[in-house]
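Below, each chain spelled out in residue letters.
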Amino acid sequence: MIKEQDLWNEVVSMIKKSNRKIQIYEGKENVGHLEIEALGLNRKSTLGVIILYTSGICVDNWIRIIGQNCLERKGIVMYNELDKRKENTVLEGMLIIGQDIVGGIFAINREKFVEGIHKIWYFAPDTLEWECLDMSYAEFIAWLMQGNTDEFYSSMRWDNWREDCRSINFNEVLLIYPFLWSKECDLKKISKKAVPYEELMGINFEYALKFN
């Protein structure tokens, strides 16, 4: 029978083989256990061990994989409770498991959409719509480490994005104006401002509900 530590070692091995800049933030097992239990998740899964052993993983200073809660970084329970309190229908039936620096959200479809149940979906900040990535959580993590994320983000990255993202912390995102979804958005002329995650999500969800 596979053990949590063995599964986590597999994740760490995959990270070490990646050519991306990846930061693992250590977590405390007792905190991880509580968060896993609160969400009814399987400890012996890729999602389970990331919550169990980390307070988050950052890929290329752009994508944030959510782990357990700590003083510096919000955990998976807090991310999902924050949006429940806002009674946000955009996230209804979804479990947030990651975000990116421009306001995109990665989530597991628990019951929002009939198709793609238990698959990873992406709330795209340039369309304000959900799209199914047709990946399990484990496949999603492998894609972040080894897949073509540059192509995925080709329409949302500007020339010096690496320098601009270097100093943005885990719970912050870049508010881009004109908004990525607007016709006026030109990546060569945008203004960028670091804001709390909740601020940009509030703006995007408000417009998503208006448009859709």
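All values reported here derive from a predicted model rather than from experimental measurement.

> Could you clarify how one ought to interpret the overall build of the protein chain in this entry?
From N to C terminus, the protein chain includes eight helices and nine strands. On C-alpha atoms alone, the protein chain measures out to a radius of gyration of 17 Å, which is about the 17 Å that the 2.2 N^0.38 rule sets for 212 residues. Along the first, second and third principal axes, the C-alpha atoms of the protein chain reach 55 × 35 × 35 Å. With 212 residues in all, the protein chain has 52% of them scored as buried. Considering only contacts within the protein chain whose residues lie at least 6 apart along the sequence, 56% involve residues at least 24 apart. Split by element, the accessible area of the protein chain, about 10,800 Å² in all, is 48% carbon and sulfur. Positive and negative side-chain charges of the protein chain, numbering 26 and 32 respectively, have mean locations separated by a distance of 4 Å.

> Just checking my understanding: could you explain the side chain of Asp 60 for this structure?
With respect to the helices and strands, the residue Asp 60 is situated in the loop between strand 2 (54-59) and strand 3 (63-65). When neighbours within four sequence positions are excluded, Asp 60 is seen to be in contact with Arg 20, Lys 21, Trp 161 and Arg 162.

> When you look at the nonpolar core in this model, what are you seeing that I'm missing?
What tends to happen in soluble globular proteins is that the nonpolar side chains get buried as a cluster. Core analysis: the largest hydrophobic core is formed by 71 residues, its most contacted members being Ile 97 and Phe 106. If we ignore the near neighbours within four places in the chain, the residues touching Ile 97 are Leu 47, Arg 64, Ile 65, Ile 66, Ile 76, Phe 106, Ala 107, Ile 108, Ile 120, Tyr 137 and Phe 140.

> Where do I start with unusual backbone geometry in this structure?
A negative phi angle is the norm for most residues apart from glycine, just as the trans form is the norm for most peptide bonds. Cis geometry marks the peptide bond from Tyr 177 to Pro 178, where omega comes out at -5 degrees. Its location among the elements puts Pro 178 in the loop between strand 8 (172-177) and strand 9 (191-196). The phi angle at His 118 is positive, at roughly 70 degrees, despite the residue not being glycine. Following the sequence through the fold, His 118 ends up in the loop between strand 5 (105-109) and strand 6 (120-124). Backbone geometry places Asp 134, a non-glycine residue, at a positive phi of 55 degrees. Here Asp 134 is to be found in the loop between strand 7 (129-132) and helix 5 (137-146). According to the relative accessible area criterion, Asp 134 is exposed, its value standing at 54%.

> Can you walk me through the state of the cysteines in this structure?
Linking two cysteines covalently via their sulfur atoms produces the bond known as a disulfide. A complete count under the given rule lists zero disulfides for this structure. For the unlinked cysteine Cys 185, the closest cysteine sulfur is that of Cys 165, found at 14 Å.

> Looking at this structure, I do not really get the pairing of strand 6. What am I missing?
Residues in a regular strand point their side chains to alternate faces of the sheet. Counting buried residues in strand 6 gives five out of five residues, a clear majority hidden from the surface. Here strand 5 pairs with strand 6 via four bridges, running antiparallel. Within strand 6, the position partnered with Ala 107 by the bridge is Trp 121. Pairing of strand 6 with strand 7, which is carried by four bridges, proceeds in the antiparallel orientation. Across the sheet, residue Tyr 122 finds its bridge partner in strand 7, namely Glu 131. Linkage of strand 6 to strand 7, two consecutive antiparallel strands, is achieved through a turn of four residues, within which Leu 128 is found at a positive phi near 60 degrees.

> Mind showing me how you'd approach the environment of Ile 203 here?
Inspection of the secondary structure assignment puts Ile 203 in helix 8 (residues 197-211). With 28 residues separating them along the chain, Ile 203 and Leu 175 place their C-alpha atoms 9.7 Å apart. For Ile 203, the residues in contact, after removing those within four places along its chain, are Leu 175 and Phe 179.

Cut-offs applied
- Residues numbered from 1 in each chain as written.
- Predicted model: local features only at pLDDT ≥ 70, side-chain atom pairs only at ≥ 80, totals over all residues.
- Heavy atoms only, no water.
- Helix = DSSP H or I, 4+ residues; strand = E, 2+ residues; numbered from the N terminus.
- Rg over C-alpha atoms; globule rule 2.2 N^0.38 Å.
- Buried < 20%, exposed > 50% of the residue type's maximum accessible area, 1.4 Å probe, protein only.
- Contact = heavy atoms within 4.5 Å.
- Areas by Shrake-Rupley, 256 points an atom, 1.4 Å probe, with all protein chains shown as cover.
- Lys, Arg positive; Asp, Glu negative; His and termini not counted.
- Charge placed at Lys NZ, Arg CZ, Asp CG, Glu CD.
- Core = buried A, V, L, I, M, F, W, Y, C linked by side-chain atoms within 4.5 Å.
- Disulfide = S-S within 2.5 Å.
- Pairing = 2+ DSSP bridges.

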